[in-house]
Structure formats: C-alpha cells, structure tokens
Amino acid sequence: VHRGLYLPSRRAERLSIAVALDTSGSTADFLADFVAELAAILAAFGRYDVRVLQCDAAVRDDRRFSDSEPIVGGALAMVGGGGTDFWPVFERLASEPPDALVYLTDGRGRAPEEAPRYPVLWTLTPNGVQPAPWGRAVWLGAA
C-alpha cells in the first residue's frame, strides 16, 4: 500500500445484516417483491450471514441464513397477515444488534421514536411512507 500498489484479496467481503419483511395484510401484494429484493441483496454479495425476520404486529419468524446454509425452496414461507408494528423487530434486535437493518415495508405502522445504533434502510413499496424521521428511505421500482 505504501508503494501505491493494491492487490486483490483472496477473501471476499461477507455481508452480515438483518432483513425485516413486513408481512402485514397491507403488504400482501408486495411479498414476492420483498423476497426478490432479499434474493438480490444476497446474490450481490455471494458470501453472507443474514438474519431474516418476518413481522406484522409481532415477529412471526426469526431465522438465520448464510451462503453455507442458504434459503432454499419454501424455506421462507411467508407468515403474518395482521396489522403493522415496527417495534417488535427493533426490540428483538436490541439484544444482538446487526451491522445494519434493511426493512422491506409499506411504512404504514408504528415505529420507535429514536433511531437504533445501527443503520436502517427503509425499503418502501411504491406508495409507501417513511415511518420514522431517521434512517434512509428508498422506494421499490424507483429509478
């Protein structure tokens, strides 16, 4: 490095994040899009450790996947369908904070007033609203 020479590493970067899927009734039409986004995130890194939480008004599923134990077939059957509350995901992650959280949602629900100590990306449906003044927001399908 001190000579201005940079060589590629033999180790690839490993993604280590949490991904929350809003499985409330209002997102039913977008669940396939959410799963496709999750798959795209994982494919972009190749090497990953990801904690996937499904939540409507409560955390309905909380599992870990990695490139050595990937999501296969119906391993990620959607569960939920009730109302929306973002608090349960943040409460669940409080004891073991991730490096970052990607929350796939329409944004219509109750969120904590204060930001957690890790970055949050609100990935919103096309007509979604950012549920909190903190974090960054992107919209599905936006160019």
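Going by the structure above, here's the rest.
Presented here is a report on the structure given in the accompanying data block. As the structure is a computational prediction, the values presented were derived from the model and not from experiment.

This part is about the overall build of the protein. Assigned secondary structure in the protein consists of 2 helices and 6 strands. Order of helices (α) and strands (β) in the protein, N terminus to C terminus: β-α-β-β-α-β-β-β. For the protein, contacts bridging at least 24 residues in sequence account for 53% of all contacts bridging at least 6. Summed over all atoms, the accessible surface of the protein reaches about 8,300 Å², with 52% contributed by carbon and sulfur.

Moving on, we get to the layout of surface pockets. The calculated volume of the largest pocket comes to roughly 180 Å³. Of all the secondary-structure elements, those providing two or more residues to the lining of the largest pocket are β1 (15-22), β2 (48-55) and β3 (59-66). Split into classes, the residues belonging to the lining of the largest pocket amount to 7 nonpolar, 2 polar and 6 charged.

Looking now at the sheet that holds strand β4 (residues 101-105). Judged by pairing direction, the sheet is mixed, and its 6 strands sit side by side in the order β3-β2-β1-β4-β5-β6 without closing on themselves. Edge strands, defined here as strands with exactly one partner in the open sheet, are β3 and β6 (136-139). In this sheet, adjacent strand axes meet at a mean angle of 20 degrees when their direction is disregarded. Here β1 runs beside β4; their pairing, made up of 4 bridges, is parallel. Paired with Ala20 across the strands is Tyr103, a residue of β4. Against the sheet, helix α1 (residues 31-45) makes contact with β1, β2 and β4, and its axis sits at roughly 175 degrees relative to β1, the strand it touches most.

Relative to the 21 Å expected for 15 residues at 1.5 Å per residue, α1 spans 22 Å between its end C-alpha atoms, a close match to the ideal helical length. Of all the residues in α1, the buried ones are Leu31, Phe34, Leu38 and Leu42. All buried residues of α1 fall inside an arc of 70 degrees around its axis, so they share one side. For α1, the exposed residues lying more than 90 degrees away from the buried face are Ala32, Ala43 and Ala44. Downstream of α1 by one or two residues, Gly46 has phi in the positive range, about 75 degrees.

Turning next to the pattern of salt bridges. Enumeration according to the criterion identifies 8 salt bridges in this entry. For Asp62, the salt bridge goes to Arg92, with nearest N and O atoms at 3.0 Å. Of this pair, Asp62 sits in strand β3 while Arg92 is found in helix α2 (residues 87-94), placing the two residues 30 residues apart along the sequence. In this structure, the salt-bridge partner of Arg110 is Asp85, at a minimum N-O distance of 2.9 Å. Of this pair, Arg110 sits in the loop between β4 and β5 (120-124) while Asp85 is found in the loop between β3 and α2, placing the two residues 25 residues apart along the sequence. Connected through salt bridges with shared partners, the residues Arg14, Asp49 and Asp67 form a single ionic network.

Summed over all chains, the structure comprises 7 aromatic pairs. Centre to centre, the rings of Phe90 and Trp122 are 6.1 Å apart; their planes meet at 55 degrees, and the pair counts as tilted. With a gap of 32 residues between them, Phe90 in helix α2 and Trp122 in strand β5 connect regions that are remote in the sequence. Given the relative accessible area of 0%, Trp122 is considered buried. Taken together, the ring pairs in this structure connect Phe86, Phe90, Tyr103, Trp122 and Trp134 into an aromatic cluster.

Thresholds, definitions, all that
Residues numbered from 1 in each chain as written. Predicted model: local features only at pLDDT ≥ 70, side-chain atom pairs only at ≥ 80, totals over all residues. Heavy atoms only, no water. Helix = DSSP H or I, 4+ residues; strand = E, 2+ residues; numbered from the N terminus. Contact = heavy atoms within 4.5 Å. Areas by Shrake-Rupley, 256 points an atom, 1.4 Å probe, with all protein chains shown as cover. 1 Å grid on protein atoms, 1.4 Å probe; cavity = no way out; pocket = protein on both sides within 12 Å on 5 of 7 lines; lining within 4 Å. Points joined across faces, edges and corners; volume = space filled by probe spheres on them. Nonpolar A, V, L, I, M, F, W, Y, C, P; charged D, E, K, R; others polar. Pairing = 2+ DSSP bridges. Axes fitted to C-alpha atoms, helices over the stretch in contact; angles between N-to-C directions. Expected span 1.5 Å × (residues − 1). Buried < 20%, exposed > 50% of the residue type's maximum accessible area, 1.4 Å probe, protein only. Arc of directions from axis to C-beta. Salt bridge = Lys/Arg side-chain N within 4 Å of Asp/Glu carboxyl O. Phe/Tyr/Trp six-rings, centres within 6.5 Å; stacked < 30°, edge-to-face > 60°.

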